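Examining the three-dimensional arrangement
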Amino acid sequence: MSMQSARIHISGIVQGVGFRPFVYNLATRLGLRGWVRNTSAGVDIEVDGEHDVLVAFIHAVRSEAPALSHIEELTSSFGGAHGFRSFEIIHSESLDSAFQPISPDVAVCDDCLRELFDPSDRRYHYPFINCTNCGPRFTIIKDIPYDRPQTTMAPFAMCQDCEREYTDPSNRRFHAQPVACPSCGPRVWLERQGTQRAAEADAIQQTRQLLAQGQIVAIKGLGGFHLACDATRAGPVAELRARKLRVDKPFALMMPDLETIERHCFVSRTERELLVSSARPIVLLRRKMESNIAEQVAPHQDWLGVMLPYTPLHYLLLEGADDFPQALVMTSGNLSEEPIATDNEEARQGLSSLADVFLMHDRDIHVRCDDSVVRVLEKEIYPLRRSRGYAPFPVKLPWEAPPLLAAGPELKNTFCITNRNYAFLSHHIGDLENYETLRSLEQGVEHFERLFRVRPEAIAYDLHPNYLATRYALERAARENLPAFGIQHHHAHIAACMAEHGLDGSQPVIGLSFDGTGYGEDGAIWGGEFLVADYRSYQRPFHLAYFPLPGGDASIRKPARTALALLWSLGLGWEGSLPPVVEFQEEERQLLRAQLEKRINTPMTSSLGRLFDAAAALAGVRQAVNYEGQAAIEFEALADPDEAGIYSFELEQDQVNVGSGIASLLGDVRAGIPASKISARFHNGLAEMIQTTIRKMNRDTGIRRVALSGGVWQNLTLIGRTLSLLRADGFTVYLHRQVPTNDGGLALGQAIIAASRLRG
Ligand code: ZN
Ligand code: ZN
Ligand code: FE
């Protein structure tokens, strides 16, 4: 048999996942000679061998690829043999224009965990143990190709033992870039008021004792600092709330293992799979009555956000003991809405009033990355925040997009960069309400453009003129003389849902864009929108009837105001006994009435989120909120699943008129009907109204595909009822599965709409 050579190029997630060692071992096993290397475009292989063996090799590269890898494309070509004498891993090549996906961070693997708790292992209890299959990735990578000098591990020179593992192709740490051990790698220490109090094992032991005593500890993690305390005691949790200026918004929890989680929460099979997955997101789970988690962790809610440990340090901190708490609050280390702290000095300054002590380490975090949050809907993932463990894994687009940047929304900001078939949706940036978060957006964009070798040819932005992301986008477009595309918020929501399902946009869909807010083309605040949309454009055949929102943000913070404004606009009186009426003094009501009559600082809205606020206030559930969506969340939590009653909302011309439905709701409030029934009837009424409207839209257009997007669809009760009605009518319904239905997924929609317009 004559010798040939094969040249193979592989793209996808193939770096930082043990791909080159895998190729090395495979080639050696088959007796092939040649080389493998990383490039900034993926992995290149060149091998000599007999034709049949080369074919078998290529087949095995696909079929036996490492578990964490994801081969997007594999191309091969054959030529004459080169006469290689051995198989080698050769130096990485940086190609200027090339780009490739980068692995998200990966939770510590089982092999490393076994070593972590094996007293005879040289990494016994070493908090930074990792291997080719696990450990930090995205958060430590400064540039590609992914090699140690391009990561925040660069300052740590490997010891001889680590070096031997790193260069031994048969070792499971062969070319594991963050490889480290107690003698050469990062360390932990405990400090109080800037002074080191303990180091290494002592630091971890003391941290455990302090947590058990009820103290609040800032703990440096993978993508930033957490603030931790005992979640089973009311005192520390309340203290943490007071210091963080966070009144009711739920805290996330970390529990040591699945058994513990199941003592506190109901866990389905899909939820279990998500909890233990290498992304280790926070999963929203239904709380058990007997759980002793402090009420203040998630006030007025029957869901708890829970995650398992995901770094070796977490495992050491939570390792079982009778006198240690079963659950820790693990909330992001920041003051109110600022970005999560990542470096040690930033934490010392920013968190000094929040934490009693700091558990620090000296491995730098290059990219700030918050924990991801997911829930399960119909046995599948339903993302609420897509960040650590998922970002920057790309969303595959239905067609090739030019390189462009979508700046994203104001709240729950993520941005998106496209190149060819990929949309790189960023990690969670946060609410762009301050300079720090805007800086975080700018730095994130710079980093993505470098990592993915993209120079945007156009910029997409939200139509809201005052969003910081919009201003950033317009300034940059002007500076670099780039075309800029203003994208309507609710159109972007629907496009995001279409894009992640791979719809090519040649057929329009019916889009239900139900949301808290979003700037409309007419200057009103939209959010109850029935759209017919493709990527290029949209129509808006129906929307929720406008009602006034006196004071804008003032009403958003105080649903009681929204409720009174809604009653006023429907010609319904402010009866003395109604909960939102009682909320105000007589003079305040007179002022409010004057404001409504004269239309002072009173935008009009079609937002379904605000209608939920008003209904929650009228039902006596909540008159003022301290986090976004609170009234609707608490109102939904009360809904009686067995209640079949209904409020009717009527379709009049191009609007959904809520007058008669709200009048029925008021009747129930007056009659003393419990809020659980009122909530259920409200949800039932909305679902029926949706069905009626969709039927009409289908008669007018013939469209049978319906996309659901926008923050209101975080409401599982509304989804459940809507889905069963729409499916009974034979519609195909698309829900978000890869990116959040809230504004965290918006940038994907902005990007694909702009790409579509740019293509002409
Ligand atoms: Zn490992
Ligand atoms: Zn070492
Ligand atoms: Fe939105």
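What this report covers is the structure whose coordinates are included nearby. (Residues numbered from 1 in each chain as written. Chains lettered and ligands numbered in written order. Predicted model: local features only at pLDDT ≥ 70, side-chain atom pairs only at ≥ 80, totals over all residues. Heavy atoms only, no water.)

Attention shifts here to the pairing of strand β22 (residues 509–514). Of all the six residues making up β22, six are buried; the element is thus mostly covered by neighbouring parts of the structure. Both faces of β22 are covered, namely the face carrying Val 509, Gly 511 and Ser 513 and the face carrying Ile 510, Leu 512 and Phe 514. The pairing of β22 with strand β23 (residues 528–533) spans six bridges and is antiparallel. Residue pairing in the sheet places Val 509 in a bridge with Ala 533 of β23. (Buried < 20%, exposed > 50% of the residue type's maximum accessible area, 1.4 Å probe, protein only. Helix = DSSP H or I, 4+ residues; strand = E, 2+ residues; numbered from the N terminus. Pairing = 2+ DSSP bridges.)

Next up on the list: the pairing of strand β21 (residues 484–487). Side chains Phe 485 and Ile 487 project from β21 onto a buried face, and the interleaved Ala 484 and Gly 486 project onto a face without burial. As paired strands, strand β20 (residues 459–462) and β21 are joined by four bridges and run parallel to one another. Across the sheet, residue Tyr 461 finds its bridge partner in β21, namely Gly 486. Each parallel crossover has a hand, and for β20 linked through helix α12 (residues 468–480) to β21 it is right-handed. (Right-handed = clockwise from strand over helix to strand, strands pointing away.)

Backbone hydrogen bonds are what pair the strands of a sheet, in a parallel or an antiparallel way. One open sheet holds the four strands; their spatial order is β19-β18-β20-β21, and the pairing between them is mixed. The strands lining the two open edges of the sheet, one partner per strand, are β19 (416–425) and β21. Each neighbouring strand pair of the sheet contributes to a mean axis angle of 60 degrees, computed without reference to strand direction. One ladder, built from two bridges, connects strand β18 (residues 395–406) with β20; its direction is parallel. Counted as the bridge partner of Ala 406 is Ala 460 from β20. Against the sheet, α12 contacts β18, β20 and β21, and its axis sits at roughly 150 degrees relative to β20. Sheet strands in contact with helix α13 (residues 489–500) are β18, β20 and β21, and its direction is about 140 degrees off that of β18. (Axes fitted to C-alpha atoms, helices over the stretch in contact; angles between N-to-C directions. Contact = heavy atoms within 4.5 Å.)

In this section: helix α2 (residues 51–63). Between its terminal C-alpha atoms α2 stretches 18 Å, which fits the 18 Å expected from 13 residues at 1.5 Å a residue. If you check which residues of α2 are buried, you get Leu 54, Phe 57, Ile 58, Ala 60 and Val 61. One side of α2 holds all its buried residues, which, seen down the axis, span an arc of 165 degrees. Exposed and oriented more than 90 degrees from the buried face of α2 are Asp 52 and His 59. The inward-facing, buried residues of α2 abut β1 (3–13), α1 (19–29), β3 (42–50) and β4 (70–80). (Expected span 1.5 Å × (residues − 1). Arc of directions from axis to C-beta.)

The subject of this paragraph is the coordination of the zinc ion (ligand 2). For a metal bound by four donors in a tetrahedral arrangement, the ideal donor-metal-donor angle is 109.5 degrees, while six donors in an octahedral arrangement ideally sit at 90 or 180 degrees. Coordination of the zinc ion (ligand 2) by the protein is provided by Cys 159 (SG), Cys 162 (SG), Cys 181 (SG) and Cys 184 (SG), with metal-donor distances spanning 2.2 to 2.3 Å. Of note is the zinc ion (ligand 2), whose four donor atoms meet at the metal with angles of 103 to 117 degrees in an arrangement that counts as tetrahedral. In primary sequence terms, the donor set of the zinc ion (ligand 2) follows C-x2-C-x18-C-x2-C. Here Cys 162, found in helix α4 (residues 160–167), pairs with Cys 181, found in the loop between α4 and β6 (188–192); they are 19 residues apart in sequence, far enough to count as distant. (Donors = N, O, S within 2.8 Å, 3.2 Å for Na, K, Ca; no water. Tetrahedral: all angles 85-135°; square planar, octahedral: opposite > 155°, others 65-115°.)

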